[in-house]
Amino acid sequence: MKIETVAKFLFTLISIGVLALSGYLLYGKLKFIMSAERVQGQVIDLQHVRSTNKNNTEGTWRPVVRFRARPGR
């Protein structure tokens, strides 16, 4: 019976810690989103990236984007 009490207490502490970490990460993400600036971008090229995965021998493609931020940013 004592082990169950300790296990409940331990899982409660872990749950509170994970919940606090989630709140902290959410706060950081929302703070970034509120201060971020939106700009128009243009895809100017596609770049081939070789994969390190043995099952994906062809690799993948990623866009090369050009954009301009407002002056002073």
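Calculation rules
Residues numbered from 1 in each chain as written. Predicted model: local features only at pLDDT ≥ 70, side-chain atom pairs only at ≥ 80, totals over all residues. Heavy atoms only, no water. Helix = DSSP H or I, 4+ residues; strand = E, 2+ residues; numbered from the N terminus. Rg over C-alpha atoms; globule rule 2.2 N^0.38 Å. Buried < 20%, exposed > 50% of the residue type's maximum accessible area, 1.4 Å probe, protein only. Contact = heavy atoms within 4.5 Å. pLDDT = per-residue confidence, 0-100. Patch = residues over 30% accessible without salt bridge, like charges linked within 9 Å, V, L, I, M, F, W, Y side chains within 5 Å. Areas by Shrake-Rupley, 256 points an atom, 1.4 Å probe, with all protein chains shown as cover. Salt bridge = Lys/Arg side-chain N within 4 Å of Asp/Glu carboxyl O. Expected span 1.5 Å × (residues − 1). Polar contact = N/O pair within 3.5 Å; in protein donor to acceptor, adjacent residues only side chain to side chain.

S.K.: If you had to explain the overall build of the chain to someone new, which residues and values would you point to?
M.R.: Across its full length, the chain carries one helix and two strands. The C-alpha radius of gyration computed for the chain amounts to 23 Å, which surpasses the reference 11 Å derived for 73 residues by more than 25%, pointing to a less compact arrangement than a globule. On the principal axes, the C-alpha backbone points of the chain span a range of 65 × 45 × 15 Å. Classification of the 73 residues of the chain by burial places 1% in the buried group. When contacts within the chain are restricted to residue pairs at least 6 apart in sequence, long-range pairs at least 24 apart make up 32% of them.

S.K.: Just give me the short version of the confidence of the model for the chain, but keep the residues and values in it.
M.R.: Confidence in the prediction for the chain averages 89 pLDDT; 92% of positions are at 70 or higher. Mean pLDDT values for the elements of the chain range from 91 in strand β2 (residues 60-67) up to 95 in helix α1 (residues 2-35).

S.K.: Describe a nonpolar patch on the surface, with residues and values.
M.R.: On the surface, a cluster of nonpolar side chains totalling about 620 Å² of accessible area is made up of Val39, Val43, Leu46, Trp61, Val65 and Phe67. Every element with two or more residues in the nonpolar patch is listed here: β1 (41-49) and β2. Broken down by element, the residue count for the nonpolar patch peaks at three residues, all from β2. Mapped onto the elements, Val65 comes out in strand β2.

S.K.: Summarise α1; cite the residues concerned and give the values.
M.R.: Because an α-helix packs 3.6 residues into every turn, residues spaced three or four apart end up facing the same way. Taking 1.5 Å of rise per residue, the 34 residues of α1 would be expected to cover 50 Å, and the 50 Å separating its terminal C-alpha atoms lies within 8% of that figure. Among the 34 residues that make up α1, zero are buried, leaving the element largely open to the surroundings.

S.K.: Tell me what's going on with the environment of Asn55, and back it up with residues and numbers.
M.R.: Tracing the backbone through its elements, the reader meets Asn55 in the loop between β1 and β2. Looking at Asn55, the relative accessible area reads 75%, which means it is exposed. Through-space distance from the C-alpha of Asn55 to that of Phe11 is 39 Å; in sequence the pair is 44 residues apart.

S.K.: An account of the environment of Ser15 is requested, with residue identities and associated values reported.
M.R.: If you trace the backbone, Ser15 turns up in helix α1. From its side chain, Ser15 meets the backbone oxygen of Phe11 in a polar contact 2.8 Å long.

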